[in-house]
Amino acid sequence: MGCCGGRCTLAFICGMQLVSVLERQVFDFLGYQWAPILTNFLHMVTSILGLFGTIQFRPRYVTMYAAWLVVWMSWNVFIICFYLEVGDLSKESDLIMTFNLSMHRSWWMENGPGCRVTTVTPPPFWAPEDHRYISITNCLLGYQYIEVCHSALQILLALLGFIYACYVVKLISEEEDSFDFIGGFDSYGYQGPQKTSHLQLQPMYMSK
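Residues numbered from 1 in each chain as written. Predicted model: local features only at pLDDT ≥ 70, side-chain atom pairs only at ≥ 80, totals over all residues. Heavy atoms only, no water.

Novice: Pulling in residues and values, what's your account of helix H3 (residues 59–83)?
Specialist: Taking 1.5 Å of rise per residue, the 25 residues of H3 would be expected to cover 36 Å, and the 36 Å separating its terminal C-alpha atoms lies within 8% of that figure. The positive-phi residue at the C-terminal boundary of H3 is glutamate 85, with phi of around 55°. (Helix = DSSP H or I, 4+ residues; strand = E, 2+ residues; numbered from the N terminus. Expected span 1.5 Å × (residues − 1).)

Now the structure itself:
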């Protein structure tokens, strides 16, 4: 298969996924978002396996990568619903994103474009003593929409990756079948050429 075929396209998509999820991982670390950190790590590992399988003609790795993309797309759909507060979901919940280990929110909440953060003093009576109470104003784009855009990009890349992964697995399988058909290293094993002897045996007569 030529370099400009489906394999190179899938390798490019895997590379784009690695770059984009690495960028997302940095901001999730800054926001102490433990659940996204864990899923991002799993996605990076699986994308590397998918890239390896694409380059080395390993259809099992590509198939595993394609199966993970279904889970990855489902996770990002959930993230979109979470930040848009679809149904009973609330973006203020600490349990889902941080496993209830901290009160941190998305890093973009305080550092979004145009956001102005001011500390409120004195803090309300219900605020924890080791936390500051802040007011965020003048944001050009709400942090929830930035998170939604990140997830939408991941869904788009995952959808393209899934389509090309299925295509590459099909191509690799067809190449393997074609190789076996023309007499490759099949189940009978490869036998090298055998030397034949051209020496003609002559009868021997012994005198008494």
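Still to come is the rest of the account.
Novice: How would you explain the packing of aromatic side chains if you had to name every residue and give the values?
Specialist: Applying the stated criterion across every chain, the model contains 10 aromatic pairs. Ring geometry for phenylalanine 27 and tryptophan 108: centres 4.7 Å apart, planes at 45°, overall tilted. Of this pair, phenylalanine 27 sits in helix H1 (residues 6–30) while tryptophan 108 sits in helix H5 (residues 108–111), and the two are 81 residues apart along the sequence. With relative accessibility at 16%, the residue tryptophan 108 sits in the buried group. Summarising the aromatic geometry, the rings of tyrosine 32 and tryptophan 34 are spaced 6.0 Å apart at their centres and angled 65° between planes, so their arrangement reads as edge-to-face. What makes tyrosine 32 partly exposed here is its relative accessible area of 37%. Take tryptophan 34: its relative accessible area is 30%, and that puts it in the partly exposed class. Each member of the aromatic cluster is reached from another via a ring pair, and the members are Trp75, Phe78, Phe82, Tyr83 and Tyr143. (Phe/Tyr/Trp six-rings, centres within 6.5 Å; stacked < 30°, edge-to-face > 60°. Buried < 20%, exposed > 50% of the residue type's maximum accessible area, 1.4 Å probe, protein only.)

Novice: Can you break down the nonpolar core residue by residue, with the values?
Specialist: Among soluble globular proteins, nonpolar side chains are generally buried collectively. Within the largest apolar cluster, 29 residues are counted, with the highest numbers of intra-cluster contacts made by Leu10, Tyr65, Trp72, Tyr83 and Ala165. Those elements that place two or more of their residues in this core are H1, helix H2 (34–55), H3 and helix H6 (143–181). Among the elements that make up this core, the one with the highest residue count is H3 (12 residues). Filtering out sequence-adjacent residues up to four positions away, leucine 10 remains in contact with Thr54, Val62, Tyr65, Gly161, Tyr164, Ala165 and Val168. (Core = buried A, V, L, I, M, F, W, Y, C linked by side-chain atoms within 4.5 Å. Contact = heavy atoms within 4.5 Å.)

Novice: Provide a residue-level description of the environment of threonine 46, including the pertinent values.
Specialist: On the secondary structure map, threonine 46 appears in helix H2. Sequence separation between threonine 46 and alanine 66 is 20 residues, and the spatial gap between their C-alpha atoms is 9.2 Å. Excluding residues within four positions of it along the chain, threonine 46 makes contact with Met64, Tyr65 and Trp68. Among the polar contacts made by the side chain of threonine 46, one reaches the main-chain carbonyl oxygen of leucine 42 at a distance of 2.8 Å. (Polar contact = N/O pair within 3.5 Å; in protein donor to acceptor, adjacent residues only side chain to side chain.)

Novice: So what's going on with unusual backbone geometry? Which residues, and what values?
Specialist: Negative phi is the rule for most residues except glycine; trans is the rule for most peptide bonds. One non-glycine residue, tyrosine 32, lies in the positive phi region at around 55°. Within the secondary structure, tyrosine 32 sits in the loop between H1 and H2. Backbone geometry places asparagine 138, a non-glycine residue, at a positive phi of 65°. Position of asparagine 138 among the secondary structure elements: in the loop between strand S2 (134–137) and H6.

Novice: Provide a residue-level description of the state of the cysteines, including the pertinent values.
Specialist: Here, the word disulfide means a covalent bond between the sulfur atoms of two cysteines. For the structure shown, the criterion picks out one disulfide. Note on cysteine connectivity: cysteine 115 is disulfide-linked to cysteine 139, with sulfurs 1.9 Å apart. Torsion about the S-S bond of the cysteine 115 and cysteine 139 cystine: about 125°, corresponding to right-handed handedness. Of this pair, cysteine 115 sits in the loop between H5 and strand S1 (116–119) while cysteine 139 sits in the loop between S2 and H6, placing them 24 residues apart in sequence. Note on cysteine 115: relative accessible area 18%, which makes it buried. (Disulfide = S-S within 2.5 Å.)

Novice: Summarise the packing of H2 against H3; cite the residues concerned and give the values.
Specialist: Taken N-terminus to C-terminus, the directions of H2 and H3 make an angle of 155°; their axes are 8 Å apart at the nearest point. Between H2 and H3, the interaxial angle falls into the category roughly antiparallel. Here H2 and H3 pass one another in a crossing that is left-handed. A breakdown of the residues in the contact of H2 with H3 according to their chemical character gives 13 nonpolar, eight polar and no charged. (Axes fitted to C-alpha atoms, helices over the stretch in contact; angles between N-to-C directions. Parallel < 35°, antiparallel > 145°, perpendicular 65-115°, else oblique. Left-handed = near helix turned anticlockwise from the far one by under 90°. Nonpolar A, V, L, I, M, F, W, Y, C, P; charged D, E, K, R; others polar.)

Novice: Provide a residue-level description of the pattern of salt bridges, including the pertinent values.
Specialist: In the structure shown here, the tally under the stated rule is two salt bridges. In this structure, glutamate 85 and lysine 91 form a salt bridge, with 3.4 Å as the shortest nitrogen-oxygen distance. On the basis of relative accessibility, which here comes to 16%, the residue lysine 91 falls in the buried class. For the salt bridge of lysine 170 with glutamate 174, the shortest nitrogen-to-oxygen distance reads 2.7 Å. Here the residue lysine 170 and the residue glutamate 174 both occupy positions in helix H6, the gap between them amounting to four residues, near one helical turn. By relative accessible area, which is 48% here, lysine 170 ends up partly exposed. Note on glutamate 174: relative accessible area 40%, which makes it partly exposed. (Salt bridge = Lys/Arg side-chain N within 4 Å of Asp/Glu carboxyl O.)

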